[in-house]
Amino acid sequence: MKRIVLLVATNLAIMLVLGIVSTLTGANRFFAGSGLDLGKLLIFALIMGFGGAFISLLMSKTIAKWSTGAQVIETPGNSTEFWLVETVRRFADRAGLPTPEVAVYEGEPNAFATGASRSSSLVAVSTGLLQSMTREEAEAVIAHEVAHIANGDMVTLTLIQGVVNTFVIFIARVVGWLVDSFLRRGSSEDSGPGIGYTITVVVCDIVFGILASIIVMYFSRQREFRADAGAAQLMGTPQPMMAALRRLGGVASGDLPQNIATAGITDRPGWMALFSSHPPIEERIAALANSR
């Protein structure tokens, strides 16, 4: 979950900053002077939307290391670190990837993969996962993260984020222009967008950005199923991944409860499930069971 939350949160922050700067510097007058030029606005939205998404992607590995305190293993200092580095290398070789950076961070059982490309990636594993899982279960989780890299999930989600950013920027400024026009109706001044436009755009950027994250999270959940399948393929069997998921969710063998909430992987009730980056664990286990 950390991988997706960090990407989306960084994107929202960057888009908000870019939106405020463009508004305060008067860049909006380029397409909203005496009237709204939808063609120019669309070009502006595309540049800003995809620019913000790719800035988030390029920053993803640095932000992940900083926010989790992950320490990259340059030279293994003990048998566990040696095993971890070798396991990541082995699965990367099987997936036809350059060996990612390998890091360890303090925390509850979890792991994540991030990075701007398949050749510049990071696999980070928590101390809690290393301590609570069997070697086979931990291998399955690592294989899952390597599968994310092999599938190009960070780039895929960045492209999706760029598309939704474009719509957010475009619609927010159309709404801002309409509100501003309504507030200034009857006025003889025609000097471009006013304070009503500025406030409305900032508010809409935030609200629409949060709502747009629902779309990104939907695709994130679909990518989790693919990564689970990728882990099963790299391991040669789905059983270790199923066991790892049960361990993470506290699910007894053969038991698939309806409500599970664990560190990093959650089954959120009701509408909050729309903002979840991962599907419910029982659905992931069932999908793996059906793939056998």
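Structure report, in brief. Everything numeric here is computed off the predicted structure, so don't read it as measured data.

### A few points about the overall build of the protein
Next, step 1: When you go through the protein residue by residue, the secondary structure sums to nine helices and six strands.
Next, step 2: Taken over 292 residues, the protein has a buried fraction of 48%.
Next, step 3: For the protein, the proportion of contacts with a sequence separation of at least 24, taken over those separated by at least 6, is 71%.

### So, the packing of helix α8 (residues 239–249) against helix α9 (residues 281–290)
Next, step 1: The interhelical angle for the contact between α8 and α9, taken along N-to-C directions, is 165°, at an axis separation of 10 Å. As summarised for this structure, α8 and α9 are arranged roughly antiparallel, according to the angle between their axes. Considering how the two elements wind past one another, α8 and α9 form a crossing that is left-handed. Note on element contacts: α9 touches α8 through Ile281, Arg284, Ile285, Leu288 and Ala289, opposite Met241, Met242, Leu245, Arg246, Leu248 and Gly249.
Next, step 2: Taken together, the residues that form the contact of α8 with α9 break down as eight nonpolar, one polar and two charged.

### Observations regarding the packing of aromatic side chains
Next, step 1: Following the criterion strictly, the structure yields two aromatic pairs and no others.
Next, step 2: An angle of 45° between the planes, with centres 5.6 Å apart, marks the rings of Tyr105 and Phe112 as tilted.
Next, step 3: Of the residues examined, Tyr105 reaches a relative accessible area of 3% and is grouped as buried.
Next, step 4: Of the residues examined, Phe112 reaches a relative accessible area of 1% and is grouped as buried.
Next, step 5: In this structure, Arg90 is placed above the aromatic ring of Phe91, and the distance from its NZ or CZ to the ring centre is 4.9 Å.
Next, step 6: Positioned above the aromatic ring of Trp83, the side-chain terminus of Arg135 is 4.4 Å from the ring centre.

### Notes on helix α5 (residues 135–150)
Next, step 1: For α5, spanning 16 residues, the distance from its first C-alpha to its last is 22 Å, which sits close to the expected 22 Å at 1.5 Å a residue.
Next, step 2: Counting buried positions along α5 gives 13 out of 16 residues, so the element sits mostly inside the fold.

### Looking at the side chain of Ser56
Next, step 1: With respect to the element layout, Ser56 can be found in helix α2 (residues 38–68).
Next, step 2: By relative accessible area, Ser56 is classed as buried at 2%.
Next, step 3: In terms of polar contacts, Ser56 uses its side chain to reach the backbone carbonyl oxygen of Gly52, at 2.9 Å.

### Observations concerning a nonpolar patch on the surface
Next, step 1: On the surface, Ile195, Ile199, Val203, Ile206, Val207, Ile210 and Leu211 cluster together into a nonpolar patch covering about 620 Å² of accessible area.
Next, step 2: Mapped onto the elements of the fold, Val203 is located in helix α7 (residues 195–235).

### Focus: the environment of Asp37
Next, step 1: Inspection of the secondary structure assignment puts Asp37 in the loop between α1 (2–24) and α2.
Next, step 2: Asp37 sits in the partly exposed class, given a relative accessible area of 31%.

### As for the pattern of salt bridges
Side-chain pairs of opposite charge can arise whenever the charged atoms involved come near each other.
Next, step 1: Taken as a whole and judged by the stated rule, the model has 10 salt bridges.
Next, step 2: A salt bridge links Asp205 to Arg173, with the shortest nitrogen-to-oxygen separation between them at 3.1 Å. With a gap of 32 residues between them, Asp205 in helix α7 and Arg173 in helix α6 (residues 153–183) connect regions that are remote in the sequence.
Next, step 3: Taking relative accessible area as the criterion, Asp205 reaches 11% and is therefore assigned buried.
Next, step 4: Several salt bridges share partner residues, and in doing so they unite Lys61, Lys65 and Glu101 into one network.

### Considerations on the pairing of strand β2 (residues 101–105)
Next, step 1: The buried fraction of β2 is high, at four of five residues.
Next, step 2: Across two bridges, the pairing between strand β1 (residues 71–72) and β2 is antiparallel. Across the sheet, the residue bridging to Val72 is Ala103, located in β2.
Next, step 3: Where β2 meets strand β4 (residues 120–126), five bridges bridge the pair, whose relative direction is parallel. Within β4, the residue paired with Val102 across the bridge is Val123.

### Quick look at the sheet that holds β1
Next, step 1: Taken in spatial order, the four strands of this open sheet run β1-β2-β4-β3, and their pairing is mixed. With partners counted over all chains shown, the strands left at the sheet margins are β1 and β3 (111–117), one partner each.
Next, step 2: Docked against the sheet, helix α3 (residues 79–95) engages β2 and β4, running at close to 140° with respect to β2.

### Here's the deal with the nonpolar core
Generally speaking, soluble globular proteins have nonpolar side chains that are buried together.
Next, step 1: Counting 35 residues, the largest nonpolar core has Leu84, Phe91, Val125, Leu129, Met133 and Ile142 as the members making the most contacts within it.
Next, step 2: Every element with two or more residues in this core is listed here: α3, β2, β3, β4, α5, α7, α8 and α9.
Next, step 3: Of the residues forming this core, the biggest block, seven residues, is contributed by α5.
Next, step 4: What Leu84 contacts, discounting residues up to four positions off in sequence, is Ile73, Val102, Ala103, Val104, Val125 and Ile142.
Next, step 5: If you look at the next biggest cluster of nonpolar residues, it comprises eight residues, including Ile160, Val168, Val216 and Met217.

How each quantity is defined
- Residues numbered from 1 in each chain as written.
- Predicted model: local features only at pLDDT ≥ 70, side-chain atom pairs only at ≥ 80, totals over all residues.
- Heavy atoms only, no water.
- Helix = DSSP H or I, 4+ residues; strand = E, 2+ residues; numbered from the N terminus.
- Buried < 20%, exposed > 50% of the residue type's maximum accessible area, 1.4 Å probe, protein only.
- Contact = heavy atoms within 4.5 Å.
- Axes fitted to C-alpha atoms, helices over the stretch in contact; angles between N-to-C directions.
- Parallel < 35°, antiparallel > 145°, perpendicular 65-115°, else oblique.
- Left-handed = near helix turned anticlockwise from the far one by under 90°.
- Nonpolar A, V, L, I, M, F, W, Y, C, P; charged D, E, K, R; others polar.
- Phe/Tyr/Trp six-rings, centres within 6.5 Å; stacked < 30°, edge-to-face > 60°.
- Lys NZ or Arg CZ within 6 Å of the ring centre and 35° of its normal.
- Expected span 1.5 Å × (residues − 1).
- Polar contact = N/O pair within 3.5 Å; in protein donor to acceptor, adjacent residues only side chain to side chain.
- Patch = residues over 30% accessible without salt bridge, like charges linked within 9 Å, V, L, I, M, F, W, Y side chains within 5 Å.
- Areas by Shrake-Rupley, 256 points an atom, 1.4 Å probe, with all protein chains shown as cover.
- Salt bridge = Lys/Arg side-chain N within 4 Å of Asp/Glu carboxyl O.
- Pairing = 2+ DSSP bridges.
- Core = buried A, V, L, I, M, F, W, Y, C linked by side-chain atoms within 4.5 Å.

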